[in-house]
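# Observations on the model geometry
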Amino acid sequence: RPETRPTAMRAVLLSALFASVAAFAPPTALVPRVVDAPLTKALVLRGGGVISKETFATTLVVSNGLFGLQFLLIPKFFISQFFEKELDAFHLFFARFIGVLILGQCALLKVCPSETTFLPALITQIAVGIMGPLKAQLTLDPKMPIHLFPVITVFVCAGLGLLAF
């Protein structure tokens, strides 16, 4: 008896499932036409989200761009706003390096089509929020209440991305 691959078996089962669903679908001539509400029509025309993907990208460019500029140009001041730490050359190097990366992402968001960049930008924003400000808030004893600003900002931007989905 030949061994079947799980992927091939899944493909066969999915094909059978789709074929059976299509076989039992009612004829389109008998299905009454439902008129969409104006808001639904507008959302469909724009791609489905409550806000546009372009608005989400622009929000990220502005918000993250400001953080990136501070990491690049004034890292010692920027980090001292949020933490009681003495920074050495190693930390300043990484802060400036992170600033360049953030600004590079902002440039890509600005020049690439938002349909292409939307999902990677949303996933990155959520991951940055969890691994950056939220992790710092929970583990690094930041200055309060000022450190709540980046925490809230990152997750508000991620929330806007979810509204653009």
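Everything below is about the structure shown above.
An account of the accompanying structure is given in this report. (Residues numbered from 1 in each chain as written. Predicted model: local features only at pLDDT ≥ 70, side-chain atom pairs only at ≥ 80, totals over all residues. Heavy atoms only, no water.)

Examined against the element boundaries, Thr117 turns out to sit in helix 6 (residues 114-139). Residue classification places Thr117 among the buried positions, given a relative accessible area of 12%. Contacts of Thr117, omitting those with residues within four sequence positions, involve Leu108, Leu109 and Cys112. (Helix = DSSP H or I, 4+ residues; strand = E, 2+ residues; numbered from the N terminus. Buried < 20%, exposed > 50% of the residue type's maximum accessible area, 1.4 Å probe, protein only. Contact = heavy atoms within 4.5 Å.)

Moving on to helix 5 (residues 89-111). Over its 23 residues, helix 5 runs 33 Å from end to end, which matches the ideal 33 Å to within 8%, given 1.5 Å per residue. Within the sequence span of helix 5, burial applies to Leu92, Ala95, Gly99, Ile102, Cys106 and Leu109. Those residues of helix 5 that are buried are in contact with helix 3 (53-73), helix 4 (75-82) and helix 6. (Expected span 1.5 Å × (residues − 1).)

Note on placement: Thr153 falls in helix 7 (residues 148-163). Reaching out from Thr153, the side chain makes a polar contact with the backbone oxygen of Phe149 at a distance of 2.7 Å. Ignoring sequence-local partners within four residues, the contact set of Thr153 consists of Ser63 and Phe67. (Polar contact = N/O pair within 3.5 Å; in protein donor to acceptor, adjacent residues only side chain to side chain.)

The next thing to look at is the pattern of salt bridges. Applying the stated rule across the entire model yields one salt bridge. A salt bridge links Lys143 to Glu84; the nearest nitrogen and oxygen atoms lie 3.7 Å apart. With Lys143 in the loop between helix 6 and helix 7 and Glu84 in the loop between helix 4 and helix 5, the pair connects residues that are 59 residues apart, well separated along the chain. (Salt bridge = Lys/Arg side-chain N within 4 Å of Asp/Glu carboxyl O.)

With that out of the way, let us pick up unusual backbone geometry. A cis amide bond, omega 0°, links Met144 with the succeeding residue Pro145. Mapped onto the elements, Pro145 comes out in the loop between helix 6 and helix 7. Phi is positive for Asp141, which is not a glycine, with a value near 50°. Here Asp141 lies in the loop between helix 6 and helix 7. Relative accessible area serves as the criterion here: at 70%, Asp141 is assigned to the exposed category.

As a further point, take the packing of aromatic side chains. Applying the stated rule across the entire model yields nine aromatic pairs. On the basis of an interplanar angle of 35° and a centroid distance of 6.4 Å, the ring pair of Phe67 and Phe149 is categorised as tilted. With Phe67 in helix 3 and Phe149 in helix 7, this residue pair connects regions lying 82 residues apart in the sequence. Feature note: the residues Phe67, Phe71, Phe78, Phe82 and Phe149 constitute an aromatic cluster, connected by ring pairs. (Phe/Tyr/Trp six-rings, centres within 6.5 Å; stacked < 30°, edge-to-face > 60°.)

Turning our attention to the packing of helix 5 against helix 6. Interaxial distance between helix 5 and helix 6 falls to 10 Å at its minimum, and their mutual angle equals 150°. The pairing of helix 5 with helix 6 is recorded here as roughly antiparallel in orientation. Seen from above, helix 5 lies across helix 6 with left-handed handedness. Of the residues in helix 6, those in contact with Gln105, Leu108 and Leu109 of helix 5 are Thr117, Ala121 and Thr124. (Axes fitted to C-alpha atoms, helices over the stretch in contact; angles between N-to-C directions. Parallel < 35°, antiparallel > 145°, perpendicular 65-115°, else oblique. Left-handed = near helix turned anticlockwise from the far one by under 90°.)

Between its first and last C-alpha atoms helix 7 spans 22 Å; for 16 residues at 1.5 Å apiece the expected length is 22 Å, and the two agree. For helix 7, the complete set of buried residues consists of Pro150, Val151, Thr153, Val154, Cys157, Ala158 and Gly161. Of the surrounding elements, those touching the buried residues of helix 7 are helix 3, helix 4 and helix 6.

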